Structures are given as C-alpha cells and as structure tokens.
2 protein chains.
Amino acid sequence: MQKIDMTAIQHIKDLKDVQVPFTLDHAHKELKTCHERELSENKIVPSLEEAIRQAGLQDGMTISFHHHFRNGDYVVNMVMDTIAKMGFKDLVLAPSSLIDIHKPLIEHIRNGVIRRIETSGIRGDLAEAISRGLMDIPVVFRSHGGRAAVIESGQLPIDIAFLGAPSCDPFGNANGYSRDNDKGVICGSMGYAKLDAQYAKKVIILTDNIVPFPNVPFGIPESDVDFVVEVDAIGDPNGIMGGSTRFTTNPKELMIAQKVSEVIEATDFFRNGFSIQMGSGGASLATVRFLKDKMIQHNIKASFALGGITGQIVQLHEEGLIKKILDVQSFDLVAARSLKDNRFHQQISASYYASPHNTGSAVNQLDFVILSALEVDTKFNINVLTGSDGVIRGAIGGHCDTAAGASVSIITCPLTRGRIATIVDKVNTVVTPGKTIDIVVTDQGVAVNPLRNDLITMLTNAGIDLCTIEQLREKAARIVGDSTPITYTDKVVGVVTYRDGSVIDLIYQVKDEEEV
Amino acid sequence: MQKIDMTAIQHIKDLKDVQVPFTLDHAHKELKTCHERELSENKIVPSLEEAIRQAGLQDGMTISFHHHFRNGDYVVNMVMDTIAKMGFKDLVLAPSSLIDIHKPLIEHIRNGVIRRIETSGIRGDLAEAISRGLMDIPVVFRSHGGRAAVIESGQLPIDIAFLGAPSCDPFGNANGYSRDNDKGVICGSMGYAKLDAQYAKKVIILTDNIVPFPNVPFGIPESDVDFVVEVDAIGDPNGIMGGSTRFTTNPKELMIAQKVSEVIEATDFFRNGFSIQMGSGGASLATVRFLKDKMIQHNIKASFALGGITGQIVQLHEEGLIKKILDVQSFDLVAARSLKDNRFHQQISASYYASPHNTGSAVNQLDFVILSALEVDTKFNINVLTGSDGVIRGAIGGHCDTAAGASVSIITCPLTRGRIATIVDKVNTVVTPGKTIDIVVTDQGVAVNPLRNDLITMLTNAGIDLCTIEQLREKAARIVGDSTPITYTDKVVGVVTYRDGSVIDLIYQVKDEEEV
C-alpha cells in the first residue's frame, strides 16, 4: 500500500497522474476468534523485567515515577532493584518526588545505576547522603509546575514512566481507586502521573488490581499506556495515607491557625466565591476549622479548593461551603474516596495545576494559599528544602507555583523550632522568592510584605496587630540566639530551579562533623 | 535572571564555578488588587475579530472546527464570515466534519478565502459543488481515527482551532453542557474538540454561556485554551439534536434490525461482558430494542457501549444492561444529559476512540459494531461517501476505524433504495476495505465474508439462512436492473484516506448533466 505524503497535497493543483494504489489484497485486520483477541491483544506483560525489556530501556535513559503513594511507595524501589539486576547503568531518575522509603536508592547511586536525579524533593537517609556528597552530579530540584513545564517543552524528555496504579484494566486505563472492587490500595488523584503518562515515550503501569475494561472514569487513559504489569503489591496503605495529615493539638499551631483565619477574614479577598489552597500540615488543617466558622458567620462560600486535598476540605465541600475541588493529590482516604464519589471533586494534572508555561494554570485563580516554611528571611524569601543544618529534608512541591499565582500567599510557621529560629537573616536555600510572599503568620506576630500596601491597610483597618519581618527576626534571635553557621565544602549537590526554569539557588555539600 | 540550559547539567561534573544568579530584584508576580486580577487576567476577548487577531491568523494557515453541533452549527459560518471580512486568504479548513448548514463556505472557496479542505465528510450543496469541480485542490477525507492520528503525529498541524462550547468559564474550561445553569444549547460530549484543543497552536473557545470558574468537570481544560469569545448564539438546538436520530417505523429497517439481533445472538461473541457500537440510523436504533429483549432473555449484560451515543443506549445503561458508556459524540438530548448525570457515562477524545497510532484505542475492544452503507460491493468494500450519482453526500466518520477494530463488523442496508441497488459489483468509492467487513445484513438476506469461517459456522449452527454476497448482488440487479454508469471528468475532487493515512480511493468530478 503506497503511503503518500499528505503535506505534499498542499501543493498539488492537479492529481491527474496519481494512481489509485488501493488493492483488495491489503489487509488491515487480523482475523482472530474472540478468545484469541482477549488473550493476545491486551497490554499485560508477564513480568516487570519483560516490560522493561519491551519498553527498550537503555543505559543513560531518563525514567520517571509519581509520588502519589508517598512514604508507602513500593514502586520506585521495586523497579530500580529490577533495573539494577538487569545490569543497566547511568540512568537519570526523574520522579515527581522522593521520600524516606526510597533509601535503597543510595546503593543504586553508589553502583552507578543512577547517575543523576531531577525531583521536587528528597527526604530521609537518601537526602542526607546526597547532602554529604553521594552524587557526582547535582540533583536538579523543580517545583510541580516547573517540572510540568520542562516535561511539556521537551526539556526533560522521559524515556520510560513507571506508574503505580491502584486499578488498571488490561488495556491500560488506570486510576487511583477502583470503581469495580475494594481490592488493593487507593491513592485518589493521579495528578502528577497523568502528565508523565501523556509525555513519556513509553509508559508502564504497575498495579495490584487488574479490573475489567473499560476502567472508567480513568485518571490515565489507555491511549497513553504501553504496558501493564501485575505485581503483588504496589504500596503500603499506611504509608500512602498515613503520615502527612494529622489534626493538631499543638497550642502554637492552633494559635497560628486562629490568626490565619482572622487575617483571611480581614481581607477584601474573603468574599463569596473566593478560592483557597491549604496544605496538609497541622496549622493548615486547623485553619480549615476556624475558617469554616467565619464562612458560616459571614454566609460566605468558596468557589473552589485547589491542590493537595484533605478530608477537612472534603467535609466543607460536602457541607456546601466549597463548591468544587480541583485535586492534584489526595492526602488522605477521605479525599481519595470523595474523588470517587463527589462529581464536583475533579482530578487535575500537574500541568493544569501549576505549569507556568501552559495557557493558564489553576494556581493563577487562587485567592489564598496557605503555605509552610522551614525558614523565612527578612526579604520574605522562603526555604522549604534544607534544614538549619544545611541538609536536604524537604520538597519544593507547589510552593513557589501557588505563591506566585495566588492573590494572597500566607506563610505559617512558628517563630522558633526548639533552639532554632525560623525567621532568619538569610535563608539557607531560596526556594520561593520573597516578592511572591505576602503575609507571614507566626505564633509571635504577623508581618506583611511592604510591597503589599493594600493588605497592610486591610489588616490594620480590621484591627490586626502587625509587626515588621525585622521585628519577628529580632524576637527570634532574642529567644534562641545566633545559630552556628553551617560549614559547606565547595561541591554543589543541588541546583534549585524556580518554576520558570531559572536557577534560583545552589545547595552545597555539608561538611561532615569530624571535618568541622 | 540568568537562564541555564538544563540539558548542559547532564554533563557538568563540578559546578564550582557557577555563580548563583539569584537576586531579590527579580519579581515574578505583578501586584494587583483582587478586582484588577478579575478584570485583567481572564481569557475573554471582546470580539471574535479581536481573538482572531490575537491568535495571529495569517494567510495560508490551517484552522479547525468540531461538528458536535451537527446541522445546528453556527460556528463555522460565523468564523469564516469574520475571517473573510478581515481579508485573509488561502486558508486550509480542517473541521472534523461539514454538514448541509455549511453551504456558505461555497462563496469563501470561490473568493479564495479557503484554499483546501480536510474533513471526515461533506453534505448538501457544498458537497455537490465540490463534486462538480468547485475547488482547485482535492478535499482530503479522513476517518475520525485517521484525523486523530495525523493531528497527533504533526502531519496535520492546526494553527488555530475555533471550538464552540455550550459552557465555558473566563479561563477556558469548556464543556458540552453546563453544570451551573440551563442556559444556551447543549451538545454533550466534546470528543472531537478535545483533540483539537490539545494539539492546536492556538485555541479559541466560542460560547453563549460564560459560567463561573472552575467549570468542572470539563471536556476541554483551561490549560489548552488561549482565548474565550462570548457570542449571542453558537447553534440551533433543533439542528444540534434533531435530524440524525429517529425511531423507525420503516418495515425494511425493522426487518433488518430484527435480523441483526438474531445474528448477534447466534455468535459466541454475544456473552456476558460483550461490547458494542451502534449508529444513529433507523435500523441501528431499532436493533437496540430487539437486542435488549435477547439480553434479558439470556441474562447477558454488556460491559460497554462506544462511539456516538443515543438515548436508546442510555436507557439500557440506566436499566443496568450496559455497564459503561464511552461517548465521543452525543447524538441526542438524552445522551447529552446522561453524560452530565451518569458517572459511568464517560467523555472520550477522538484519539482514545479510534486513533490507529496511539498505544491502543477503544475501537480495538469492540465485539460488535453495526454500521450503515450507501453501497456494498461483492468484495465487501463499503462506500459511505458518494451517492449512486457519484456526488459526495456523506462522511467516513468512524466507519473504517470500528470495522477494523471490532471482532464482528455488521453492515446493515436495504438491498435496494428506490431504483438503486445498494449491493453492487464495485462501489463508487472505497471507504472501508472489505477485509474488515464481516457480515452484511439486508432485508433480502444475510451474507458473511468468506474470510470469517468462524462466523459462518456459528450462524449456520444457529439456523440462520445465509447467502453469498454475489447472490445478494444478483437479487439486487434482478430487481432494479443495471444502473447507468456515472460519467466523470479526469479532475480529482477528493482523496479518500484509510485510517493509517494511505490513499484508499480518489473521487473524480462528476460531469454536469448537460455535458453528458
């Protein structure tokens, strides 16, 4: 059968000489019985090893993972162990994030299986080892929006995505829950994975729950999936849903939460139809409770909640206080089940959530975002990536994306943590630039970025006591004194990028204590 | 702010010399009041003309449209009139299909505004004019799957997509219905439009119904949309939902429908969990009714129905006889409303539906597809594009896609239409190759493709009388005699492509009657 270049037709004025190439010998359909079709034409491959082989993995390729299973994830370690056994080297690992459970990667880095990492964050022993110089090439840190942008632009081409899915049919329609049974784990939204599935050259779904076709509604469509591998387990339900969300009884956090709700109430942005994103930390969760009272009191309803979603948000949605939910990551079981059951709880991709390079992501429609911080400096710069000892212990996540997009970005943090100041002269690592941070709420006072005169006026008019960020810094210094300066080597272990791809800071190797 | 080439990092072994380029002067956020943001940061442009200008239309560009509004569509004519007034020339029109209502395009072709067309089909006066030599360059006809494939591969790059949407928020989240009000028209699935939105360089949504952000669930996400234009009307509800679906009282069609249901019942493919696609023609709709009785009788339920969806299919879904619906196009109001209300009624894109080039489209999972035909020849080739007079009067649609994908493809047609034979020696235009057609059901007999011995055995065992396709042809010829041969000029007016992009037939200019 002759193929013709259709672009050529654009210039053909007369097709008189074109021969009709069609003959009846050309067969486009293999004749199979029903049973043969069922057995042969699905995408299930018998083993992960076989899937890796068929996907064409080669040394030096870039592979990706999602972190929807958080600290319960079995997929990254399972895949990397298999890849290591198969003898591959020099891979670029580009997961949406890495967590404590991924400690075994240390060995794969030492053995040369992993050459380089791009991620939103790293925690635990792996982060500690990298901070102490484990890798030859620095880790590139990107926000969720920044990662989406470079994947979409082709700057970060993914050769193979290995995506764990709580349900998948034999042709690859995958989701973060199952509508057909209650088997296996559940993670809710597959927001980060959706993007990888769309752009990776090859996509392998790992699942412990093969369901009948068609697994709709789907988070990932079969048209994006190449192979399906059934494994015994993809994650630990406790790790997937435990950990990150808790309801605080910490008096400092409750005090901050109360103050945040007062600050929100005092602004003109708190009006019917407002929108909000909140994290899964203690102060954020408590804020929802206080804010709810104020919404009822003023008869104000939110148009939508965005981002990582918790059961607290779902409760307000089900009570009619939040109209719609845009969910890129479900933080707990209540949120995951709501995604399945509530029609206005919508699964969104990382690009829709936060990419700075598409035609407009949802972060730009935020009125409020409530964010945490490891450090805040007197220029309002935020560090959520390295600890006071200089060691990597966090993730950029959507921090700088939402701060840039929201009308009002609010940082919540205690003034001090133990003997460590949170408000400092200069953050160890700049993750989110101060110009995008509007209000800092601590247990010891509230500071507004002087760039936001509008907010200063609103809060002052509402009778909220404000102080300057310098006053907060002084107060912190008075309480805990000056911290010991961290000593670094001159080796760069991390490159921190801003959401537009520019380098916003570098992370250096910390000196081992014996060397200090 | 220095931008660094991240690909270079792959080769950096030591970043000692890299300066940290970050300064606090770099501002990523414009400081605006809430009200300023609301007014300035949405995608609504004041007029279609302004949207066309901002989207950067230039002479010779390729523009696309969807046909979800069928014969009620106002969008194509409105946009082309505006473009013509603005003085653009030589455009390539690449809509998913064109219908009778698009007759005004004749003038735009004559005036040089439209140079070339790629589409699934053309009907009415425009088709007649093209068949009689209106255009210098032949129309390229593609199936829905074939169109998806060339859009995805970049072979058919769309510069600007003009997509009518029954609801859209100010940031571009669009859908084929509204969850917020009952204003304006409704078309249900936006399946063909979803693909154009994803791949076009610029996307303009035209809507008569701006709804609050976020318009979720969405058919088209804001991240795919550049501009939103509010217009008085996007379509005529009667034209959008009327016309194509009707319930037959035609005795021939009822006889065919009864026979189709018997044929389906007789195959091994009719078992619990089977899948089916049916059209919106009279015989198809009647088949649903007969098939329903057989499903209840045998206690058999379908796993899914695919394709263009009718109220008949929805009824079976709501009665629990069809588990899930994959909807690329909603043929009537019942179907459109079901998409809104039934959670297992899922909107799918044209690529997911039928593309031969993705990793697996839904047509491949079909057990049965029931299709119509203008002509069937003794090689089982099907023509759905040109009439017995050689004039273009139809659309490829998903015909060849589903025929290739389904385990059993069934053609339904009367043996003769008036004085015209439907079963012929050679079809005027080959659209779907005979090798992918399994059974032809007419009011005068059933023929099975000799390639399908399995089906011949099943149907014979079930006591269904079969004849050969040659016998059907002879019977038709006996009834209506030989048809007058069509006389053509040597000018090609249409290039018919198969779903893989290959040329399967050419359509020639018909000679005017006075010339004959």
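About the cut-offs
- The written sequence of each chain sets the order in which its residues are numbered from 1.
- All chains are assigned letters beginning with A, and all ligands numbers beginning with 1, in the order in which they are written.
- Restriction of local features to residues with pLDDT of at least 70 applies here, the model being predicted, together with a cutoff of 80 or more for giving and counting side-chain atom pairs; totals for whole chains, interfaces and linings are based on all residues.
- Excluding hydrogens and water, the side-chain figures rest on all heavy atoms present in the structure.
- UniProt positions are given in the numbering used here, feature names are shortened, and annotations may be inferred rather than shown by experiment.
- Should DSSP find at least two bridges between two strands, the strands are taken to pair.
- Secondary structure counts use DSSP, requiring at least four H or I residues in a row for a helix and at least two E residues in a row for a strand, with both numbered from the N terminus.
- Whether two residues are in contact is decided by their heavy atoms: any pair within 4.5 Å suffices.
- Inter-axis angles, ranging from 0 to 180 degrees, are taken between N-to-C directions of lines fitted to C-alpha atoms, where helices are fitted over the stretch in contact.
- The salt bridge criterion pairs a side-chain nitrogen of Lys or Arg with a carboxyl oxygen of Asp or Glu, the two atoms within 4 Å.
- The buried label goes to any residue with under 20% of its type's maximum accessible area, the exposed label to any with over 50%, and the partly exposed label to all in between, with areas taken from a 1.4 Å probe on protein chains only.
- For the handedness criterion, the strands are oriented away from the viewer, and a crossover whose path from the first strand over the helix to the second runs clockwise is classed as right-handed.
- Within 3.5 Å is the distance limit for a polar contact, defined as a pair of N or O atoms, with the added protein rule that one can donate a hydrogen and the other accept it, and that residues adjacent in sequence qualify only through two side-chain atoms.
- What pLDDT expresses is the predictor's confidence in each residue, scored from 0 to 100.
- Orientation is classified from the angle alone, with under 35 degrees giving roughly parallel, over 145 giving roughly antiparallel, 65 to 115 giving roughly perpendicular, and any other angle giving oblique.
- Take the far helix as the reference: if the near one is turned anticlockwise from it by less than a right angle, the crossing is left-handed, and if turned clockwise, right-handed.
- Lys, Arg, Asp and Glu make up the charged group, whereas Ala, Val, Leu, Ile, Met, Phe, Trp, Tyr, Cys and Pro make up the nonpolar group; the residues left over, Gly among them, are polar.
- By construction, the arc corresponds to the directions joining the helix axis to the C-beta atoms.
- Paired rings are identified among Phe, Tyr and Trp, the last through its six-membered ring, by centres lying within 6.5 Å, and are further divided according to the angle between planes into stacked (under 30 degrees), edge-to-face (over 60) and tilted (the rest).
- The split of the chain into domains comes from an automatic or database domain assignment.
- The term buried area denotes the loss of accessible surface (1.4 Å probe radius) that occurs when two parts are joined, taken as the sum for both partners.
- Two cysteine sulfur atoms make up a disulfide if the distance between them is within 2.5 Å.

Identification of chain A as Citrate lyase alpha chain from Sphaerochaeta pleomorpha is taken from an unreviewed UniProt entry. According to UniProt, the comment filed for chain A under the heading Subcellular location (unreviewed entry) is "Cytoplasm".

**A few points about the sheet that holds strand S1 (residues 44–45) of chain A**
Residues and elements named next belong to chain A. In spatial order, the strands read S1-S11-S10-S7-S2-S3-S4-S6-S26-S27; together these 10 strands make up an open sheet with mixed pairing. Taken across any chain shown, the strands that pair with only one partner, and hence form the sheet edges, are S1 and strand S27 (503–510). Those strands touched by helix H4 (residues 75–85) are strand S2 (62–64), strand S3 (91–93), strand S4 (114–119), strand S7 (160–165) and strand S10 (202–207), and its axis lies near 135° from that of S7.

**A closer look at the environment of Leu48(A)**
Residues and elements named next belong to chain A. Its place among the elements puts Leu48 in helix H3 (residues 48–55). A C-alpha to C-alpha distance of 9.3 Å links Leu48 and Ile83, two positions 35 residues apart in sequence. For Leu48, the contacting residues outside a window of four places in its chain are Met78, Val79, Thr82, Phe162, Leu206 and Val229.

**Considerations on the pattern of salt bridges**
Across all of its chains, the model carries 40 salt bridges over all chains by this definition. Residues Glu107(A) and Arg110(A) are paired through a salt bridge, measuring 3.0 Å at the closest nitrogen-oxygen approach. One end of the pair is Glu107(A) and the other is Arg110(A), both in helix H5 (residues 105–110) and 3 residues apart, which spans about a single turn. Asp482(B) is the salt-bridge partner of Arg473(B), the closest N and O atoms lying 3.9 Å from each other. Residue classification places Asp482(B) among the exposed residues on the basis of a relative accessible area of 69%. Three or more residues are tied together by salt bridges with common partners; here these are Glu49(A), Glu50(A) and Arg53(A).

**Quick look at the pairing of strand S13 (residues 302–309) of chain A**
Residues and elements named next belong to chain A. The buried count for S13 comes to 8 of 8 residues, which makes it a mostly enclosed element. Two strands pair when backbone bridges link them, and strand S12 (residues 274–278) and S13 are joined in this way by 4 bridges, in the parallel orientation. Considered in S13, the bridge of Phe274 is made with Ala302. Following the chain from S12 across helix H11 (residues 282–298) to the adjacent parallel S13, one finds a crossover that is right-handed. The sheet contact formed by S13 and strand S14 (residues 322–330) spans 7 bridges and is parallel. Bridge assignment links Gly308 to a residue of S14, and that residue is Gln329.

**A word on the environment of Glu319(B)**
All names here are of chain B. Inspection of the secondary structure assignment puts Glu319 in the loop between helix H12 (311–318) and strand S14 (322–330). Judged by relative accessible area, Glu319 falls into the partly exposed class, the value being 39%. In the structure, Glu319 is positioned 180 residues away from Arg499 in sequence and 35 Å away in space, judged by C-alpha atoms. Here Lys292 takes part through its side chain, which lies 2.8 Å from a polar atom of the side chain of Glu319.

**Describing the confidence of the model for chain A**
Residues and elements named next belong to chain A. The predicted model of chain A has a mean per-residue pLDDT of 90, with 90% of residues at 70 or higher. Contacts of residues 1–36 to residues separated by more than four positions or lying in other chains number 78 contacts, the stretch itself having pLDDT below 50. Taken together, the chains of this predicted complex give a pTM of 0.92 and an interface ipTM of 0.89.

**Details of the packing of H11(A) against helix H12 (residues 311–318) of chain A**
A pair of packed helices is characterised by two quantities: the angle between their axes and the separation of those axes. All names here are of chain A. Remark: H11 packs on H12, axes separated minimally by 9 Å, with the N-to-C direction vectors making an angle of 20°. In terms of orientation, H11 lies roughly parallel with respect to H12. Where H11 crosses over H12, the two elements pack in a sense that is right-handed. Taken together, the residues of H12 that come into contact with H11 (itself represented by Leu285, Val288, Lys292 and Met295) are Gln312, Ile313, Gln315 and Leu316. The residue makeup of the contact of H11 with H12, split by class, is 5 nonpolar, 2 polar and 1 charged.

**Side note on the sheet that holds strand S3 (residues 91–93) of chain B**
In a beta sheet, neighbouring strands are held together by backbone hydrogen bonds and run either parallel or antiparallel to one another. Residues and elements named next belong to chain B. Strand order in this open sheet of 10 strands is S1-S11-S10-S7-S2-S3-S4-S6-S26-S27, and the pairing throughout is mixed. Looking at the sheet topology across the chains shown, the edges are occupied by strand S1 (44–45) and strand S27 (503–510). Pairing analysis gives 2 bridges linking S1 to strand S11 (residues 227–230), with the strands arranged parallel. By the bridge assignment, Val45 is partnered in S11 with Val229. Of the strands in this sheet, strand S2 (62–64), S3, strand S4 (114–119), strand S7 (160–165) and strand S10 (202–207) are in contact with helix H4 (residues 75–86), which crosses S7 at around 135°.

**Looking at helix H16 (residues 453–461) of chain B**
Residue pairs three or four apart in sequence face the same way in an α-helix, which turns once every 3.6 residues. Residues and elements named next belong to chain B. Burial in H16 covers these residues: Leu455, Met458 and Leu459. Mapping the buried residues of H16 onto a view down its axis gives an arc of 90°, with all of them on the same face. Residues of H16 that are exposed and point more than 90 degrees away from the buried face comprise Asn453 and Asn461. Buried residues along H16 sit against helix H10 (251–266), strand S20 (408–412), strand S24 (439–442) and strand S25 (445–448). Looking one or two residues past H16, Gly463 carries a phi angle of roughly 80°, positive in sign.

**Some remarks on the packing of aromatic side chains**
Each aromatic ring pair is summarised here by two numbers: the centre-to-centre distance and the angle between the ring planes. Per the stated rule, a full pass over the model turns up 16 aromatic pairs over all chains. Summarising the aromatic geometry, the rings of Phe65(A) and Phe162(A) are spaced 5.6 Å apart at their centres and angled 20° between planes, so their arrangement reads as stacked. Taken together, the positions of Phe65(A) in the loop between S2 and H4 and Phe162(A) in strand S7 put the pair 97 residues apart, joining distant regions of the chain. Owing to a relative accessible area of 1%, Phe65(A) belongs among the buried residues under this scheme. Where Phe304(A) meets Phe213(B), the ring centres are 4.9 Å apart and the plane angle is 70°; that geometry is what we call edge-to-face. Note that Phe304(A) is positioned in strand S13 and Phe213(B) in the loop between S10 and S11, a pairing that runs across two chains. Considered together, Phe304(A) and Phe213(B) belong to a single accessibility category, that of buried residues. Here a set of aromatic residues connected by ring pairs shows up, and it is made of Phe269(A), Phe270(A), Phe274(A) and Phe368(A).

**Remarks on the domain arrangement of chain A**
All names here are of chain A. Per the domain assignment, the segments making up chain A are domain 1 (44–240) and domain 2 (251–485). Averaged C-alpha coordinates put domain 1 and domain 2 at centres separated by 29 Å. Of the residues lining the interface, 37 residues belong to domain 1; the matching set on domain 2 comes to 32 residues. The junction of domain 1 with domain 2 conceals about 2,600 Å² of combined surface from both sides, 57% of it contributed by carbon and sulfur atoms. For the interface between domain 1 and domain 2, the tally reads 0 salt bridges. Linking domain 1 with domain 2 are 21 residue pairs in polar contact (both at pLDDT 80 or more), by the criterion used here.

**A look at the pairing of strand S11 (residues 227–230) of chain A**
Pairing analysis gives 4 bridges linking S10(A) to S11(A), with the strands arranged parallel. Counterpart to Thr207(A) in the pairing with S11(A) is Glu230(A).

**Observations concerning unusual backbone geometry**
Between Phe213(A) and Pro214(A) the backbone carries a cis peptide bond, its omega angle lying at -10°. In this model, Val216(A) is joined to Pro217(A) through a cis peptide bond whose omega is -10°. Residue position: Pro217(A) is located in the loop between S10 and S11. Not every positive phi belongs to a glycine, and Phe380(A) is a case in point at roughly 70°. Within the secondary structure, Phe380(A) sits in the loop between strand S17 (375–377) and strand S18 (382–383). With relative accessibility at 2%, the residue Phe380(A) sits in the buried group. Within the chain, Asp90(B) stands out as a residue other than glycine whose phi angle is a positive 60°.

**Things to note about the environment of Ser502(B)**
All names here are of chain B. Within the secondary structure layout, Ser502 lies in the loop between strand S26 (488–497) and S27. Ser502 sits in the buried class, given a relative accessible area of 1%. Along the backbone, Ser502 and Arg142 are 360 residues apart, and their C-alpha atoms lie at a distance of 9.9 Å. A polar side-chain atom of Ser502 sits 2.5 Å from a polar atom in the side chain of Asp500.

**Focus: the state of the cysteines**
In total, this model carries 0 disulfides over all chains according to the counting rule given. No disulfide involves Cys187(A); its sulfur sits 13 Å from the nearest other cysteine sulfur, which is in Cys168(A). Of all cysteine sulfurs, the one in Cys413(B) lies closest to Cys467(B), which takes part in no disulfide; the gap is 11 Å.

**Side note on the packing of helix H10 (residues 251–266) of chain A against H11(A)**
All names here are of chain A. It is the contact of H10 with H11, at a shortest axis distance of 8 Å, that shows an interaxial angle of 40°. With respect to H11, the axis of H10 lies oblique. In the crossing of H10 with H11, the sense of the turn from one axis to the other is right-handed. Judged by residue contacts, Glu253, Leu254, Ile256, Ala257, Gln258, Val260, Ser261, Glu262, Ile264 and Glu265 of H10 engage Gly282, Ala283, Ala286, Thr287, Arg289, Phe290, Leu291, Lys294, Gln297 and His298 from H11.

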